[in-house]
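Topology and contacts: notes
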Amino acid sequence: MRIGVEVGGTFTDLVAISKDGVQVLKVPSTPENPDEGAFAALVASGIPLDQVDDLAHGSTVATNAVLERKGFLTAFVTTTGFRDILALQRHGRSNIYDLKYQKPVPVVSRSSSFEVNERLLADGSVHTPLDQAEIERTLIPQLRDGKYRAVAICLLNAYVNPEHEQALRSLIAQHLPDINITLSSDVTREFREYERASTTTLSAYVQPVMDRYVSRFAQRLTEAGFKGRFSVMQSNGGKLPAEAMRANAITALLSGPAAGVIGAARQVARSAFNNLITLDIGGTSSDVCVVVDGKPQLTNEFLIDGLPVRIPQLDINTIGAGGGSLIWIDDGGMLRVGPESAGASPGPACYGRGGTRPTITDAHVVRGTILPEAFLGGQMTIDAQQARDAIEPIARHFGMTVEEAADSAIQLANANIVRAIQVISTERGHDPRDSVLVPYGGAGPLHAVQVASELGIRTVVVPPNSGVISAYGLIASDFIQFETLTRRAVVDDNAANLVRDVFAEMRDRAGERARKMQLGENYTLDFVADMRFVGQAFEVPVALPESELADLTSARVRELFGEAHHKLFFFGAEGDKAIEFVSFRLGLTEPLPDIPVLSEQTGRRMESRLISIFDGRTEQQARLISRCDMKIDDPIDGPALLDDPTSTLHVPGGWQARRDASDNIVLTAKGV
């Protein structure tokens, strides 16, 4: 028995897979106590926890701690002269025309930033030794008097030589054993001082929160009789054992969206689709990601609340276009959708929980693409009249019918999603027309075909139980951990030897960490170098397959860089410009011995009948069909709605849907 529990902004999802079949469940989230919602899902499932072998969990705890500034009081310790680095940040502005623009506020204030007298040079050699007497005389009392719960240590050039950071940690721990200490050299061994300092402080800030959350959840599981393996999802698309996650909280910032990408990729691979764009539309946001040859694309840096986090994570683009996203009119009289959301409380107006502002979910109810009697398999009551009442002021402002206003809002949301996909596909050198679109989440299959049409994508693949794919991804994902290292060097005749030496060093360090985390010995390694032309400001990731390292040559290194650079910028494969290595990344993966099979959960069937929907500014007659009534390879022409207990699939006119042998619904434009 394997269980995945994913806490979202609106619903907490559960997927349980055993030899007896698949069980899925959605319960309302409790944002103030996310573990309560997660445990409520376990209780509601009725599954005895002493029969569960593997339980994987993903939540927004770390994310919310940053966004809501609910982390623990944290101190920042750095080299003399660098106290203000968190406030100075970079000179760029995210909105250059905003006269009131202010830089993102760091999670550690200047009054909680301290300096120590030491200095390492860029090559790691010691210029000024660490002054331990001064630390005991000044820093230790300041940390004690400030009653700090966490300390982030980020010393200059510690990514090359971590000795001073490690010595400082030992000294603080001797005097303040209860304080949580995070080192930049443990979190990210890469250069760029501000990004490294930001990542370290964010890690220290959320570490006690995640530690307490995981400990509390693990204790409740134990008390309920659970004796299996408990793991937590990371942003990089892999899990870690819960005990290991208590020391790696920064990697859990975007665990929910990452789990969805993995779950979608694993499920549609059974139908031989390996190049895809995932589209997760939940209650509060839309998340999109590109998957190439079955592997989700990674990025080295992302922003949370405007603050950079420099760790490997899935290259997911998130926008505020979920089912709960608010529909509103701006000061110029234009229609807008999101990014503000109605959230889980009060939620969309049609939920009848006190919400009065219109949302995308309300718009679908008005259009007829969400049927009140079919929402969440009929387990939740929807008030269609409250949805109409909420959208009516929008319609009156534009002189439209309520249906036209609802349809316009959905078209606008689709346009926002298309732009989000272009950012992580076209702008990364991937043509979306070479991929299939894979929608999931409660609202993903409702928007997918229209989004695909705008992008020139001719095939859409919808997994079974698409509304809970993120929870499935938790139990279908491998165990992964990453090592990063900055090692700047020009690509010369010794380049191949340098690559082999760095790989061996990182492999040994990653293997040691894997043993401490009890990940096992049957792991695979992915090795990537971040490279650039000498003089460029930013790097291009270049994959260096382990199978090629033994026979690697400097010419082959240049060739691989040229191919990667040309894909992004349409030049770089020609000429003899100087190239340099900047950083290296090694991913260690312990694959699952077998991937659990997701299939449709049998349950309530809707009576097949004709219904009216409003789509493309016209009223249409559409067929309503239960997904479980579809026969394998028996096509259904649109317009149609395919009812699923966790979502609804919209098949517009001009498209055709069929259920394949792997239980995926494949939608294709007619004539393809």
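All of the points below concern the structure found in this document.

Remarks on the overall build of the chain
- When you go through the chain residue by residue, the secondary structure sums to 17 helices and 35 strands.
- Of all 672 residues assigned to the chain, the portion counted as buried reaches 57%.
- Positive and negative side-chain charges in the chain, numbering 65 and 84 respectively, have mean positions lying 2 Å apart.

Here we look at the sheet that holds strand 32 (residues 640-644)
- Spatially, 4 strands are ordered 29-30-32-33 in an open sheet, and the strand pairing comes out mixed. The open sheet is flanked by strand 29 (609-615) and strand 33 (647-651), the only strands paired with a single partner. This sheet shows a mean twist of 35° between the axes of neighbouring strands, independent of strand direction.
- Pairing geometry for strand 29 and strand 30 (residues 618-626), over 7 bridges, is antiparallel. By the bridge assignment for strand 30, Ile613 is matched with Gln620.
- The sheet strands contacting helix 13 (residues 444-455) are strand 29 and strand 33, and the helix crosses strand 33 at an angle near 25°.

Quick notes on the side chain of Asp330
- For Asp330, the location among the structural elements is in the loop between strand 21 (325-329) and strand 22 (335-341).
- Accessibility expressed as a relative area gives 15% for Asp330, which makes it buried.
- Engagement of the side chain of Asp330 in a polar contact is seen with the backbone nitrogen of Met334, the distance being 2.8 Å.

Details of the pattern of salt bridges
- All chains considered together, the criterion is met by 43 salt bridges.
- When the shortest N-O distance is used, the salt bridge between Asp526 and Lys295 registers 3.6 Å. Remark: Lys295 occurs in strand 15 (residues 295-296) and Asp526 occurs in strand 26 (residues 524-533); sequence separation between them is 231 residues.
- Given a relative accessible area of 37%, Asp526 falls into the partly exposed group.
- Taking the shortest distance from any N to any O, the salt bridge between Asp431 and Arg433 comes out at 2.9 Å.
- Given a relative accessible area of 57%, Arg433 falls into the exposed group.
- When salt bridges with common partners are traced through the structure, they connect Glu190, Arg192, Glu301, Arg310, Arg488, Arg532, Glu539 and Glu580 into a single cluster.

A word on the packing of helix 10 (residues 360-367) against helix 11 (residues 384-398)
- Their axes nearest at 9 Å, the elements helix 10 and helix 11 cross at an angle of 115°. Regarding the angle of helix 10 to helix 11, the classification is roughly perpendicular. Crossing angle aside, the handedness with which helix 10 passes helix 11 is left-handed. From helix 10, Asp362, Ala363, Val365 and Val366 reach across to helix 11, where they touch Ala384, Ala387, Arg388 and Ile391.
- A per-class count over the contact of helix 10 with helix 11 returns 6 nonpolar, no polar and 2 charged.

What counts and what doesn't
Residues numbered from 1 in each chain as written. Predicted model: local features only at pLDDT ≥ 70, side-chain atom pairs only at ≥ 80, totals over all residues. Heavy atoms only, no water. Helix = DSSP H or I, 4+ residues; strand = E, 2+ residues; numbered from the N terminus. Buried < 20%, exposed > 50% of the residue type's maximum accessible area, 1.4 Å probe, protein only. Lys, Arg positive; Asp, Glu negative; His and termini not counted. Charge placed at Lys NZ, Arg CZ, Asp CG, Glu CD. Pairing = 2+ DSSP bridges. Axes fitted to C-alpha atoms, helices over the stretch in contact; angles between N-to-C directions. Contact = heavy atoms within 4.5 Å. Polar contact = N/O pair within 3.5 Å; in protein donor to acceptor, adjacent residues only side chain to side chain. Salt bridge = Lys/Arg side-chain N within 4 Å of Asp/Glu carboxyl O. Parallel < 35°, antiparallel > 145°, perpendicular 65-115°, else oblique. Left-handed = near helix turned anticlockwise from the far one by under 90°. Nonpolar A, V, L, I, M, F, W, Y, C, P; charged D, E, K, R; others polar.

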